Amino acid sequence: GNMITFSARDQLETTITKINGKVFTLADASNNTTSEAVVRHVDRDAIQKTIDFALKENLNIFFPVGRYRIPGGLRVPNAKSIRIEGANAVTTILDISDGDGSCLRLQGGTEVTIRNFSMVGHTGLAEAPLSFSMVTGYGYWPNSLKGCNAIGMSGTERVLIENVHVSRMANEAF
């Protein structure tokens, strides 16, 4: 028979309700205890609300320099002449390394401009070619397990992508 093994990590997504020195009080209880926890911020919900508002009000979006964690990515549905722009392509980073999907998912609409970003995924094809092999020798790429890409498009007309640098995407960048 065939056997597949993998490891997984447990993640608690919650809100910090109080900070006292180096002690965080969380809104939700963890299912385990550790002294080696890693706390990461997640920007996805706030940015998605900004995108939704900008689409409704016909506004453009500017991202100041920073690293924006967006596990699960951002949706841009039915855009009409929107510009989504970072401060620069070196230090304005959309990071989907803790999730899957597209950093930005364009769905329908017309005239979308995306410029001046770095977009970072979790597993580049060059980093793990044929990571898994079946007994038969058939190779299995990591993107089949958990895919991510920079910009996904479905039915969107007139898209300009300019000065966008992409790394560690498990699927094609665009």
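In case you missed it, the structure is sitting above this.
None of the values given here were measured: they were computed from a predicted structure. (Residues numbered from 1 in each chain as written. Predicted model: local features only at pLDDT ≥ 70, side-chain atom pairs only at ≥ 80, totals over all residues. Heavy atoms only, no water.)

Student: What is the right way to look at the environment of isoleucine 84 in this model?
Tutor: The residue isoleucine 84 is located in strand S5 (residues 74-86) in this model. Here isoleucine 84 falls in the buried class, since its relative accessible area comes to 1%. Note: C-alpha distance between isoleucine 84 and phenylalanine 62 (22 residues apart in sequence) is 6.1 Å. Not counting chain neighbours up to four residues away, the residues in contact with isoleucine 84 comprise Ile61, Phe63, Val76, Thr113, Ile114, Arg115 and Phe117. (Helix = DSSP H or I, 4+ residues; strand = E, 2+ residues; numbered from the N terminus. Buried < 20%, exposed > 50% of the residue type's maximum accessible area, 1.4 Å probe, protein only. Contact = heavy atoms within 4.5 Å.)

Student: When you look at the packing of aromatic side chains in this model, what are you seeing that I'm missing?
Tutor: The relation between two aromatic rings is expressed through the spacing of the ring centres and the mutual angle of the planes. Tallying each qualifying case throughout the model produces 2 aromatic pairs. Ring geometry for phenylalanine 63 and tyrosine 68: centres 5.2 Å apart, planes at 80 degrees, overall edge-to-face. Each member of the pair, phenylalanine 63 as well as tyrosine 68, is classed as buried. Put simply, the rings of Phe63, Tyr68 and Phe117 pair up and form one aromatic cluster. (Phe/Tyr/Trp six-rings, centres within 6.5 Å; stacked < 30°, edge-to-face > 60°.)

Student: Would you explain the nonpolar core in this entry?
Tutor: With 27 residues, the main nonpolar core has Phe63, Leu94, Leu104, Ile114 and Met119 as its most contacted residues. For this core, the secondary structure elements donating two or more residues are helix H1 (44-57), strand S3 (61-63), S5, strand S7 (101-120) and strand S10 (148-154). Looking at this core, the element that brings in the most residues is S7, giving 7 residues. The contacts of phenylalanine 63, once residues within four sequence positions are left out, are Ile47, Tyr68, Ile84, Glu85, Gly86, Ala87, Thr92, Leu94 and Phe117. (Core = buried A, V, L, I, M, F, W, Y, C linked by side-chain atoms within 4.5 Å.)

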